[in-house]
Amino acid sequence: MTATTLPSPGPIDRSCRSPLFALFGGAAGWLALSSAFGLAAAMTFHNPALLAGCSVLTFGRAYPAWAHLFIYGFGVPTALGAGLWLLARLGRIKAMNPALITVGAKLWHVGVLVGLLGIVTGDSSGFEWLELPRYAAVILFLAFMLMTVWLFMTFSWRAEPRLYPSQWFVLAAVFWFIWIFSTAVFLLQMHPVRGVVQAAVAWWFAGNLLNVWLPLAGLAVTFYVLPKLSGKPLHSYYLALFIFVTVALFGSWTGMPVQAPLPAWMGIFSSTAAALMVVPALALGILVVKTSGGGDQPPCFGGVLCFAKFGAFMLILATLLAAVAACPVMARVTEFTWFTEGQVLLRLYGFFAMTLFAAVYHILPRISGREISPRRVRAHFWLAMPGSLLLALPLLAGGVRQGLRLADAAVPFQETARAAVLWVRISTLGETLIALGALVYLANVGWLILSHYRALLKREMTDALAWQPVEVKS
Amino acid sequence: MKSGSLVFLTAFVALAFSWTGFVLVPQLQLGRLEAAKTVPAGDAYPVARSGQARQGAEVYRSLGCVYCHSRQIGQQGTTVEVTLTSVGTNAANVLSAIQKAAPHLAATASLASVPQVLGQVADTALADDAVTAIAEAGGEATVAILPDGPDIRRRWGRRRSVAQDYLYDPVVQPGIRRFGPDLTDAGATRASAEWQLLHLYAPKTVVPDSTMPGYPFLFVERKIGKTPAPDALPLSGTFAPPDGHEVVPTEEAQALVAYLLSLRADAPLYESPVTPPPAPATNGVAVATK
């Protein structure tokens with residue numbers, strides 16, 4: 001990994017180049033923008049009057065804009081790009097119809113932009129994690145289908161019939177997204193169901209997105225990158241299979257708050273499911289330690305492997321925290337507080353983003369034919385890793401403080417809000433580090449993509465200069 | 001797993017289960033919910049909102065109020081309270097009747113003044129027994145069902161939220177955050193439109209240590225015409241506009257306030273019983289129920 005140039009990419013990597021450039025490049029830009037919105041939202045807790053005059057950046061719009069850009073701008077396209085490359089590589093086949101996938105990727109980014117404009121101008125749907133307005137949702141769905149058709153084609157025409165765990169995770173993640181996204185858009189935005197059924201559908205969607213789709217899409221990368229970079233085979237396929245099945249079975253029942261105005265059994269099912277998620281979390285812990293641990297490992301100082309390992313451990317931590325918070329006794333304290341926020345942010349930034357960074361840093365040099373300097377990757381790691389912890393952990397602490405006061409009716413409400421404010425302000429520091437990390441990431445991805453084109457241009461130029469008419473030569 | 005179809009089958013089965021449970025079943029159970037009748041009055045509930053309040057609901061959604069304010073009340077148990085309203089002609093008789101029907105209520109009963117809260121009993125059946133016994137002895141008593149829990153003690157609502165409460169909401173937003181207070185009963189606890197408008201313009205004018213951002217873009221600052229506008233905000237001190245200017249709410253602000261004032265959830269329903277407070281004298285003032 002020290003050479004500055006890699007061997008020229010093989011045909012499989014070359015076939016993924018244009019779609020992955022479009023997916024990864026756009027996503028890196030959205031990530032940086034989403035951090036900017038995240039910071040704008042956080043400013044509310046430092047000085048509520050600061051951005052109050054600006055309708056676009058008021059908390060109730062900056063926050064959903066952040067969420068929209070993180071999930072749909074950064075998360076989905078990056079995961080999809082990594083998934084395409086994994087399916088092509090593991091299936092030993094070139095990506096099918098990369099041109100159309102590239103078109104789909106560009107259409108997707110257009111949809112994200114339309115959704116963003118809708119949200120900041122007040123057209124948000126009002127449902128969390130699905131704020132994008134109906135017209136943007138249609139664009140995203142079409143773009144997603146355009147890309148995934150060729151993803152499935154690439155999979156089914158594969159030359160290598162045996163399946164590796166990453167492939168299950170990619171396929172299930174794609175399948176999951178199509179189902180939950182279409183259900184939520186149809187039942188919440190196209191033909192809205194009535195009354196609390198809306199809340200049930202929205203929570204079902206959010207639960208599946210955060211507790212199934214995110215782990216599936218992320219672990220596909222983890223199970224590929226970990227063995228690859230630590231030079232050992234995946235410890236156990238059966239454990240991976242076990243994780244796959246349990247995440248799908250239990251995760252899909254999470255999402256309903258304990259206290260919600262829904263039939264009581266729904267909350268109870270969700271608490272139980274969240275508690276059962278501890279099972280795949282522990283299995284993941286064993287798998288990660290057994291695969292990437294061991295004495296002869298080169299120490300990890302912020303390379304690509306660190307991203308993947310840290311990500312996996314944060315998923316375990318977030319899942320354990322979610323299980324604790326779902327227990328009805330604890331839920332009375334943590335529900336409605338910053339604790340939930342902290343747990344979700346740990347999942348989003350600590351696990352999902354970090355794991356996808358690992359994927360991009362592993363894949364992008366291979367398809368662009370340019371090595372990225374380890375120092376650039378390390379710089380990103382040492383911003384993003386502490387950033388995600390500094391963002392999430394204070395919110396967890398502040399959430400418990402806030403929750404204990406909320407549960408005691410004798411404490412005036414303003415005091416419950418104040419109890420968390422200091423911790424929320426500390427977490428802004430983490431948000432700032434993450435934003436800086438996002439800029440480094442954008443620079444890294446941009447550099448890799450541009451340097452490919454620069455090399456291409458240089459080659460064209462030398463070819464053009466070296467070219468001489470045959471008649472003259474002879 | 002050896003084949004792709006097995007992967008899809010696993011994913012399909014798992015997701016189909018959860019889709020059935022959390023999407024299809026709630027739709028079958030609650031999707032065709034009709035307006036209910038309040039108990040015991042028998043009024044239709046919920047009542048559809050006015051046009052302006054419905055527009056306000058759109059403003060509420062578009063500004064993302066749900067990211068700080070929940071609209072769902074939880075409840076931890078219920079207490080049943082018996083209140084003696086009249087001792088009739090024979091106080092001693094009533095006292096012995098109470099002693100017979102519910103001994104622990106009689107312990108504190110002095111009968112010196114009515115109405116007098118006798119105490120709490122385990123359930124409505126016991127309370128009804130006591131009331132019947134008192135009535136037979138010539139006295140009168142009432143029973144109040146008082147839901148309990150931190151949300152209710154904070155006076156965010158009078159009872160737990162149920163599916164009926166959201167029936168006429170175009171976009172249902174129960175919310176999962178309480179960075180600001182719950183708004184289930186905002187129309188009852190903060191019934192003044194002027195308070196609401198001031199709070200939206202600059203929260204610190206009415207709640208000095210508020211953490212809420214203001215929404216000045218819902219208001220217009222303009223030169224005072226021949227006469228000051230009747231709906232100009234009564235601002236003073238640091239919040240006051242420059243001399244000769246006034247701050248008036250836009251239609252959006254008016255609609256949002258109409259919506260906030262329409263937020264009430266205190267109708268007693270069969271599935272969430274509550275005894276409304278006796279008189280409308282406390283209207284507009286936050287009063288602890290206990």
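A few points on the structure. (Residues numbered from 1 in each chain as written. Chains lettered and ligands numbered in written order. Predicted model: local features only at pLDDT ≥ 70, side-chain atom pairs only at ≥ 80, totals over all residues. Heavy atoms only, no water.)

Notes on the sheet that holds strand 3 (residues 78-86) of chain B
Residue and element names in this part refer to chain B. The condition is simple: Strands pair, by our definition, only if DSSP identifies at least two bridges between them. Here a helix means four or more residues in a row that DSSP labels H or I, a strand means two or more in a row labelled E, and each is numbered from the N terminus. Axis lines are fitted through C-alpha atoms, for helices just across the contact stretch, and the angle between N-to-C directions can take any value from 0 to 180 degrees. By definition, residues are in contact when any of their heavy atoms lie within 4.5 Å.
With antiparallel pairing, 3 strands are arranged side by side in an open sheet as 4-3-5. This sheet does not close on itself; its edge strands, each paired only once, are strand 4 (116-121) and strand 5 (140-147). If you compare each strand with its neighbour and ignore which way they point, the axes differ by 25° on average. The pairing of strand 3 with strand 5 spans 8 bridges and is classified as antiparallel. Bridge pairing in strand 5 links Thr-78 to Pro-147. Strand contacts of helix 5 (residues 124-136): strand 3, strand 4 and strand 5, with the helix running at about 165° to strand 5, the strand carrying the most contacts.

Here we look at the interface of chain B and chain A
Convention followed: What gets called buried area is simply the loss in accessible area from a 1.4 Å probe that two parts show on being joined, summed for both. The rule for a salt bridge is simple: a side-chain nitrogen of Lys or Arg has to be within 4 Å of a carboxyl oxygen of Asp or Glu. Nitrogen and oxygen atoms within 3.5 Å of one another constitute a polar contact, given that in protein one can donate a hydrogen and the other can accept it, and given that sequence-neighbouring residues count only through two side-chain atoms. Three classes are used, and their members are as follows: Ala, Val, Leu, Ile, Met, Phe, Trp, Tyr, Cys and Pro are nonpolar, Asp, Glu, Lys and Arg are charged, and the others, Gly among them, are polar.
Of the residues lining the interface, 70 residues belong to chain B; the matching set on chain A comes to 84 residues. Of the roughly 6300 Å² buried between chain B and chain A, counting both surfaces, carbon and sulfur atoms make up 67%. The largest share of the area that chain B buries against chain A comes from Phe22(B), Tyr67(B) and Arg154(B), three residues that together contribute 13% of it. Remark: the boundary between chain B and chain A carries 3 salt bridges. In this structure, Glu341(A) engages Arg177(B) in a salt bridge whose closest nitrogen and oxygen atoms are separated by 2.9 Å. On the surface where chain B and chain A come into contact, there are 21 residue pairs in polar contact (both at pLDDT 80 or more). In terms of residue count, helix 1 (residues 4-30) of chain B provides more of the side of chain B that touches chain A than any other element does, 20 residues in total. Residues that form the side of chain B that touches chain A fall into these classes: 39 nonpolar, 21 polar and 10 charged.

A closer look at empty space enclosed by the protein
Our working definition: Think of a 1 Å grid over just the protein atoms. A cavity is a set of points where a 1.4 Å probe fits yet cannot get out, a pocket is an open set with protein on both sides within 12 Å along at least five of seven lines, and lining residues have an atom within 4 Å of a point. Grid points are joined across faces, edges and corners, and a volume is the space filled by probe spheres set on the points.
One pass over the structure, following the stated rule, counts 9 cavities of 30 Å³ or more. Here the largest cavity is characterised by a volume of approximately 880 Å³. Surrounding the largest cavity, 44 residues form its lining, Trp203(A), Gly255(A), Pro257(A), Thr340(A) and Ile176(B) being those nearest its centre. Considering only enclosed or pocket space, the second largest cavity measures out at about 180 Å³ in volume.

Considerations on a nonpolar patch on the surface
Residues and elements named next belong to chain A. The condition that has to hold: In this scheme, patches are assembled from residues that exceed 30% relative accessible area and form no salt bridge. Like charges are connected within 9 Å, while nonpolar side chains (Val, Leu, Ile, Met, Phe, Trp, Tyr) are connected within 5 Å. Each accessible area value is a Shrake-Rupley result obtained with a 1.4 Å probe; residue values ignore everything except the protein chains displayed when judging cover. Three exposure classes are used, based on accessible area relative to the maximum for each residue type with a 1.4 Å probe and protein chains only: buried under 20%, partly exposed in between, and exposed over 50%.
On the surface, a nonpolar cluster with roughly 480 Å² of combined accessible area is contributed by Leu-107, Val-110, Val-138, Leu-142, Phe-186 and Met-190. Going through the elements one at a time, helix 3 (98-120), helix 4 (134-156) and helix 5 (165-190) are the ones with two or more residues in the nonpolar patch. Relative to the elements of secondary structure, Phe-186 occurs in helix 5. A relative accessible area of 43% places Phe-186 in the partly exposed class.

By themselves, these are just geometric observations and shouldn't be taken as functional.
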